[in-house]
Amino acid sequence: MARSSFTRCLLDDVLMPVNFRLPQVGAKEGQPIYLAVKGVVFDVTSGKEFYGKGAPYNALVGKDSTRGVAKMSLDPADLTHDITGLTEEELKSLDDIFNNVYKAKYPIVGYTSRRILNEDGSPNLDFKPEDQPHFNIKDEF
């Protein structure tokens, strides 16, 4: 079976390919800076003045920070993928920021496993990459 040119699949909430470790994300000059929103991993290196070491939004880096983005919060308790209990206003804000900031400005480099796999580890057959609308996950397995 032919494999598509699918972008990197990332495991759990660790936002680097498997052969790297999370503390290395953007820790050294020249390394990429990744963050995830809604399970989509973005390379935000071009915005290092916002996301780099010591920058205002550095707390969002290296994890799926969906809740923090929705709430516009840098509280460590909000730096998670979990959107349980968010208000309609927060969910609308999340969608606006996701589409008009992250998808508009930064390249997609992968997806968290929560986005592409079911809880039992089987492929999520409804998965569609944000940047590859004709992708079919069945071709990957």
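Quantities reported herein were computed from a predicted structural model and do not represent experimental measurements.

### Observations concerning the pattern of salt bridges
Right, so step 1: Taken as a whole and assessed by the stated rule, the structure comprises 4 salt bridges.
Right, so step 2: Measuring nitrogen to oxygen at the nearest pair gives 3.6 Å for the salt bridge that ties Asp78 to Arg67. Highlighted residues: Asp78 in the loop between helix 2 (66-71) and helix 3 (88-105) and Arg67 in helix 2, separated in sequence by 11 residues.
Right, so step 3: Classification of Asp78 as buried rests on a relative accessible area of 11%.
Right, so step 4: Here the residues in one salt-bridge network are Arg67, Lys71 and Asp78, joined through shared partners.

### A look at the pairing of strand 3 (residues 40-43)
Side-chain direction in a regular strand flips from residue to residue, so the side chains alternate between the two faces of the sheet.
Right, so step 1: A two-sided burial pattern is seen for strand 3, the buried positions comprising Val40 and Phe42 on one face and Val41 and Asp43 on the other.
Right, so step 2: Where strand 2 (residues 34-37) meets strand 3, 4 bridges bridge the pair, whose relative direction is antiparallel. Directly across from Ala36, in strand 3, lies its bridge partner Val41.
Right, so step 3: Adjacent in sequence and paired antiparallel, strand 2 and strand 3 are bridged by 2 residues, among which Lys38 carries a positive phi angle near 55°.
Right, so step 4: When strand 3 meets strand 4 (residues 108-111), the two strands line up antiparallel, connected through 3 bridges. In the strand pairing of strand 4, Phe42 is matched with Ile108.

### Observations regarding the packing of aromatic side chains
Right, so step 1: The full count for this structure, using the stated rule, is 7 aromatic pairs.
Right, so step 2: Aromatic side chains Phe42 and Phe98 sit 5.9 Å apart centroid to centroid with 75° between the ring planes, which places their arrangement in the edge-to-face category. Separated by 56 residues along the polypeptide, Phe42 in strand 3 and Phe98 in helix 3 bring together distant segments of the chain. Here Phe42 and Phe98 have matching classes, each one buried.

### A word on the nonpolar core
Right, so step 1: Judged by nonpolar contacts, the single largest core of 22 residues is most densely connected at Val37, Phe42, Val44, Tyr51 and Tyr102.
Right, so step 2: When residues of this core are traced back to their parent elements, those giving at least two are strand 2, strand 3, helix 2, helix 3 and strand 4.
Right, so step 3: The element best represented in this core is helix 3, accounting for 4 residues.
Right, so step 4: Aside from chain neighbours lying at most four places away, what touches Val37 is Phe42, Asp64, Thr66, Val69, Leu94, Phe98 and Tyr102.

### Re the confidence of the model for the protein chain
Right, so step 1: On average, residues of the protein chain score 78 in pLDDT, and 72% of them reach the 70 mark or higher.
Right, so step 2: For the protein chain, strand 1 (residues 8-9) is the element with the lowest average pLDDT, namely 45, and helix 2 is the one with the highest, namely 97.
Right, so step 3: Counted against residues more than four places away or in other chains, residues 1-24, with its pLDDT under 50, gives 62 contacts.

What counts and what doesn't
- Residues numbered from 1 in each chain as written.
- Predicted model: local features only at pLDDT ≥ 70, side-chain atom pairs only at ≥ 80, totals over all residues.
- Heavy atoms only, no water.
- Salt bridge = Lys/Arg side-chain N within 4 Å of Asp/Glu carboxyl O.
- Helix = DSSP H or I, 4+ residues; strand = E, 2+ residues; numbered from the N terminus.
- Buried < 20%, exposed > 50% of the residue type's maximum accessible area, 1.4 Å probe, protein only.
- Pairing = 2+ DSSP bridges.
- Phe/Tyr/Trp six-rings, centres within 6.5 Å; stacked < 30°, edge-to-face > 60°.
- Core = buried A, V, L, I, M, F, W, Y, C linked by side-chain atoms within 4.5 Å.
- Contact = heavy atoms within 4.5 Å.
- pLDDT = per-residue confidence, 0-100.

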